[in-house]
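Architecture at a glance
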Amino acid sequence: MSKFNIKVFLICLIALLLVLSLVGVLAKYYNEKDAFNPITNNNVTNDNPINEEYEEEDSSTGELVPQIDSDSLKDEGEYIFTNFKNKIYYFNQQDYAKERYGTYGTIKGYGCGPTVMAMVLSSFLNEKITPVETTSWACSHNYCSEEGTNNKFFFAMANIYNLKAEGPFDSSKEENRDMVYEVLSKGEALVIMSVGYGDFYKGGHYMLLAGLNENNVVVADPNSRENTKPYSYEYLMSKSANPQNFYIIKEGD
């Protein structure tokens, strides 16, 4: 090979190395940039908290939709803010597709009751108690079945944490429906509502009434983030929502 060809070869080789080095630097830069982006980093977005401030969407129905406050993304957890004295911890049973509900299935399929109770306990105590923990306790104490969670579970587990459960209160009685609204308006108690076949679920289902936003009742649906929002009191007490019973949870004596 001539001296000229060797010189050209070396120049090309050096140029190639410089290009590869530049590509490596740029790749590292964008990878590090995305690692701190809560929108693109799945490890972050799965645990993003939701600071929900509600704005009216439809004046004809009075339904409100949650607005995510991006400033809250730096924390961990998912929260709903109502007139309740503490922030409401929100859990969704769909996130627990691999966690067992006794021998009957998964929390995703059966665990609305323990998931709601995890919200209640976490919100009163202001610390994270997960659906996995509440489900494990419920099933180990024979409150789980192929039909779902026995309502006596709410009373038993509330008592462990120095809380008091009252009910069930039959939703067909107007005085009970009015009592629920009055209790929620004080911001010191939470209400577990069981529903039958209707708009929320095609069968028996437990949901949390997490307080008020203006005059609307905020529903924390353990099976649906989409359904988790404020509704008018009249709608929640209607046949469309199909309420069955109420369980009031408050501080113990």
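For the structure itself, consult the block above.
Here goes a summary of the coordinates provided. (Residues numbered from 1 in each chain as written. Predicted model: local features only at pLDDT ≥ 70, side-chain atom pairs only at ≥ 80, totals over all residues. Heavy atoms only, no water.)

1. So, the side chain of S123
Operational definition: A run of DSSP states H or I qualifies as a helix once it reaches four residues; a run of E qualifies as a strand once it reaches two. Both are numbered from the N-terminal end. Remark: exposure states derive from per-residue accessible area (1.4 Å probe, protein chains only) relative to the maximum for the residue type, with buried under 20%, exposed over 50%, and partly exposed in between. Polar contact is the term for a pair of N or O atoms within 3.5 Å; when the atoms are in protein, one must be able to donate a hydrogen and the other to accept it, and sequence-neighboring residues count only if both atoms are side-chain atoms.
Position of S123 among the secondary structure elements: in helix α4 (residues 112-125). What makes S123 buried here is its relative accessible area of 0%. One polar contact links the side chain of S123 to the main-chain carbonyl oxygen of M119, over a distance of 2.6 Å.

2. Concerning the pairing of strand β11 (residues 205-213)
Selection criterion: In this description, strands pair whenever DSSP reports at least two bridges between them.
Where burial is concerned, most of β11 is hidden: nine out of the nine residues are buried. Pairing analysis gives five bridges linking strand β10 (residues 190-195) to β11, with the strands arranged antiparallel. Within β11, the position partnered with V191 by the bridge is L209. The pairing of β11 with strand β12 (residues 216-220) spans four bridges and is antiparallel.

3. So, the packing of α4 against helix α6 (residues 152-160)
The condition that has to hold: For helices, the axis comes from a line fit to the C-alpha atoms of the stretch in contact; other axes are also lines fit to C-alpha atoms, and the angle between any two N-to-C directions lies between 0 and 180 degrees. For classification purposes, angles smaller than 35 degrees are called roughly parallel, those larger than 145 roughly antiparallel, those between 65 and 115 roughly perpendicular, and all remaining angles oblique. Crossing handedness is defined as follows: a turn of the near helix away from the far one that is anticlockwise and smaller than a right angle gives a left-handed crossing, while the clockwise case is right-handed. Contacts are assigned to residue pairs with any non-hydrogen atoms lying within 4.5 Å of each other. Amino acids outside the nonpolar list (Ala, Val, Leu, Ile, Met, Phe, Trp, Tyr, Cys, Pro) and the charged list (Asp, Glu, Lys, Arg) are all regarded as polar, and Gly is one of them.
Put simply, α4 and α6 touch, their axes get as near as 11 Å, and they point 30° apart. As summarised for this structure, α4 and α6 are arranged roughly parallel, according to the angle between their axes. Between α4 and α6 lies a crossing of right-handed hand. Contacts from G113, P114, M117 and L121 of α4 reach α6 at F153, F154, M157 and A158. Of the residues belonging to the contact of α4 with α6, the class tally is seven nonpolar, one polar and no charged.

4. Quick notes on the packing of aromatic side chains
The line we're drawing: Any pair of Phe, Tyr and Trp rings, taking the six-membered ring for Trp, is counted once the centres come within 6.5 Å. Such a pair is stacked with planes under 30 degrees apart, edge-to-face with planes over 60 apart, and tilted for the rest.
With the rule as written, the count across this model stands at 16 aromatic pairs. Look at Y79 and Y89: their rings are 5.2 Å apart centre to centre, the planes differ by 75°, and that puts the pair in the edge-to-face class. Within this pair, whereas Y79 is found in strand β3 (residues 79-80), its partner Y89 is found in strand β4 (residues 88-89), the two being separated by 10 residues in sequence. Using a relative accessible area of 8% as the deciding quantity, one classes Y79 as buried. A relative accessible area of 9% places Y89 in the buried class. Aromatic side chains Y181 and Y233 sit 5.0 Å apart centroid to centroid with 65° between the ring planes, which places their arrangement in the edge-to-face category.

5. Concerning the sheet that holds β10
Sheet architecture is open: six strands sit in the order β9-β14-β10-β11-β12-β13, paired in antiparallel fashion. On the outer flanks of this sheet lie β9 (163-170) and β13 (229-231), each paired with one strand and no other. Here the strands of the sheet are splayed against their neighbours by 30° on average, with no regard to which way each runs. Pairing between β12 and β13: three bridges, direction antiparallel. Its bridge partner being in β13, V219 is matched across the sheet by K229. Together, β9, β10, β11, β12 and β14 (243-251) form the strand contacts of α4, whose direction differs from that of β11 by roughly 30°. In the packing of α6 onto the sheet, the strands contacted are β9, β10, β11 and β14, and the crossing angle to β9 comes to about 160°.

6. Topic: the pattern of salt bridges
Where we set the bar: Within this document, salt bridges are pairs made up of a side-chain nitrogen of Lys or Arg and a carboxyl oxygen of Asp or Glu, the two lying within 4 Å of each other.
Evaluated as defined, the whole model comprises five salt bridges. Among the salt bridges present, the one from D95 reaches R225, with a minimum N-O distance of 2.7 Å. Residue D95 is located in the loop between β4 and β5 (100-101), and its partner R225 is located in the loop between β12 and β13; the two are separated by 130 residues in the primary sequence. Residues K250 and E166 are paired through a salt bridge, measuring 3.6 Å at the closest nitrogen-oxygen approach. Taken together, the positions of K250 in strand β14 and E166 in strand β9 put the pair 84 residues apart, joining distant regions of the chain. On the accessibility criterion, K250 (29% relative accessible area) is partly exposed. Members of the salt-bridge network, linked through shared partners, are E78, D95 and R225.

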